[in-house]
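Residues per chain are reported as follows:
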Amino acid sequence: MSKLTNKLVAIAAMSAFTAGSAVAADLTVVSWGGAYTKSQVEAYHKPWMAKTGKSIVSEDYGGGIAEIKAQVESGNVTWDVVDVELSDAIRACDEGLLEEIDHGMLPAAPDGTAAVDDFLPGTLHDCAVSNIIWSSVYVYDSSKVRNWNAPKTMADFFNADAYPGKRGMRKNPKVTLEFALIADGVPTSEVYNVLGTEEGVARAFAKLDTIKDDIVWWEAGAQPPQLLADGEVIFTTAWNGRVFNAVAAEDQTFEMVWDGQVYDLDLWVIPKGSKNKEAALDFVAFSTATEQLAAQASWISYGPARASSVAKIGTYHDNAAINMADHMPTAPGNFKNALQNDFEFWADNADELNERFNSWLAK
């Protein structure tokens, strides 16, 4: 995806002095664009800029650690805070590409509970602090599918006989291979055991072969809702928050199929050698406070990473009739057959499976 840089001007006077600083410094915060970045701008960027008098340069990227690695190894680090997936956070930290983050500097919950006890299990790491829990699902346009024939399972996504037409999928082996195995009958509890074998990888690619000619590949999160709205696909995999936004903000008649959802974490990291490390740490602490994480959940249906924030989830920011808790990946009705992305598996196997996936695409 091509980069889009959008300079956001602070609400407060940008020449205002901040504690310990004579000049307001810019901070470059990198994320995934679209409705997701919009939710971060409203819940994190604007309040932080108003508080500090500093400005944020918001930049979009397509994920992975290649750009972080290139900046760190060249000694020309221009990004200060980056939103990454968990497996990338672990891998980049292991490779020495990230600054370590002292969890003791994170703000306590409103009741005084220390941050390390308030963040949900598995959401704090040596070089990363989680902000959201999100999910990959697939989606269809209910206005174009008869109710009696509406898809209900991951197997339906791969059933080209019952549901002929193009399908959108992310151009990445992560989640794509998991979806293929789930559709082929592998229980979610056994997916990574199977995928960890040569036979399991071959089985996943064999399942993908059954719809390969019908796949429209996407790379940016904003693409799936557009592909569906334009009628270019009948189904598409997507990130649940992007689909929610299309329904809540754009009145699209989209329905998510939660069966076989793969859920994951996104986290803030700071590239090693950031020129604005102190401001970056301050932004990470501010944006992952209880109130800010709960505020983001009023803009997009991604679950906050703190227990105290979960309790504060309210309604959609401009429609009080939409209870946001019902639209989270972890809502009981959505979570019945969910799979948590195995970050250790992908940190260990990403290179090999990316190469295998690209070779398969080229055939």
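Structure first, text after, so check above.
Computed from a prediction, not measured in an experiment: that's the story for all the values here. (Residues numbered from 1 in each chain as written. Predicted model: local features only at pLDDT ≥ 70, side-chain atom pairs only at ≥ 80, totals over all residues. Heavy atoms only, no water.)

J.: Teacher, can you tell me more about the layout of surface pockets here?
T.: With a probe scaled to a water molecule rolled over the atoms, the places where space remains empty come into view. When its volume is computed, the largest pocket comes out at roughly 550 Å³. Among the elements of the structure, α2 (66-74), α3 (86-94), α6 (173-183) and α14 (343-362) are those that each provide at least two residues to the lining of the largest pocket. Considering each element in turn, the lining of the largest pocket owes the most residues, seven residues, to α14. Classifying every residue of the lining of the largest pocket gives nine nonpolar, six polar and nine charged. (1 Å grid on protein atoms, 1.4 Å probe; cavity = no way out; pocket = protein on both sides within 12 Å on 5 of 7 lines; lining within 4 Å. Points joined across faces, edges and corners; volume = space filled by probe spheres on them. Helix = DSSP H or I, 4+ residues; strand = E, 2+ residues; numbered from the N terminus. Nonpolar A, V, L, I, M, F, W, Y, C, P; charged D, E, K, R; others polar.)

J.: Is there a simple way to explain the nonpolar core in this structure?
T.: When a protein is soluble and globular, its nonpolar side chains tend to lie buried together. If you look at the biggest cluster of nonpolar residues, it comprises 44 residues, and the most contacted ones within it are Tyr61, Ile68, Val82, Val84, Leu98, Val269 and Tyr302. With seven residues, strand β10 (residues 254-269) is the largest single contributor of residues to this core. Not counting chain neighbours up to four residues away, the residues in contact with Val82 comprise Val30, Tyr61, Ile68, Leu267, Trp268, Val269 and Pro271. Grouped together as the second largest cluster of nonpolar side chains are 37 residues, Phe158, Phe235, Ala350 and Phe357 included. (Core = buried A, V, L, I, M, F, W, Y, C linked by side-chain atoms within 4.5 Å. Buried < 20%, exposed > 50% of the residue type's maximum accessible area, 1.4 Å probe, protein only. Contact = heavy atoms within 4.5 Å.)

J.: Help me out: how do you make sense of α6 in this one?
T.: Helical geometry note: an α-helix holds 3.6 residues per turn, so side chains three or four residues apart project in the same direction. Burial within α6 is extensive, with eleven of its eleven residues counted as buried. Taken together, the buried positions of α6 are Pro173, Lys174, Val175, Thr176, Leu177, Glu178, Phe179, Ala180, Leu181, Ile182 and Ala183. Capping the start of α6, Asn172 holds a side-chain oxygen 2.9 Å from the backbone nitrogen of Lys174, two or three residues further along. (Polar contact = N/O pair within 3.5 Å; in protein donor to acceptor, adjacent residues only side chain to side chain.)

J.: How do you make sense of the state of the cysteines when you look at a structure like this?
T.: Where two cysteines share a covalent bond between their sulfur atoms, that bond is called a disulfide. Scanning all chains against the criterion turns up one disulfide. One disulfide bridge connects Cys93 with Cys127, the sulfur atoms lying 2.0 Å from each other. Measuring handedness by torsion sign, the sulfur bridge of Cys93 and Cys127 sits at about 50° and is right-handed. With Cys93 in helix α3 and Cys127 in the loop between β5 (124-125) and β6 (128-141), this residue pair connects regions lying 34 residues apart in the sequence. Here the two residues Cys93 and Cys127 agree in accessibility, since each one is buried. (Disulfide = S-S within 2.5 Å.)

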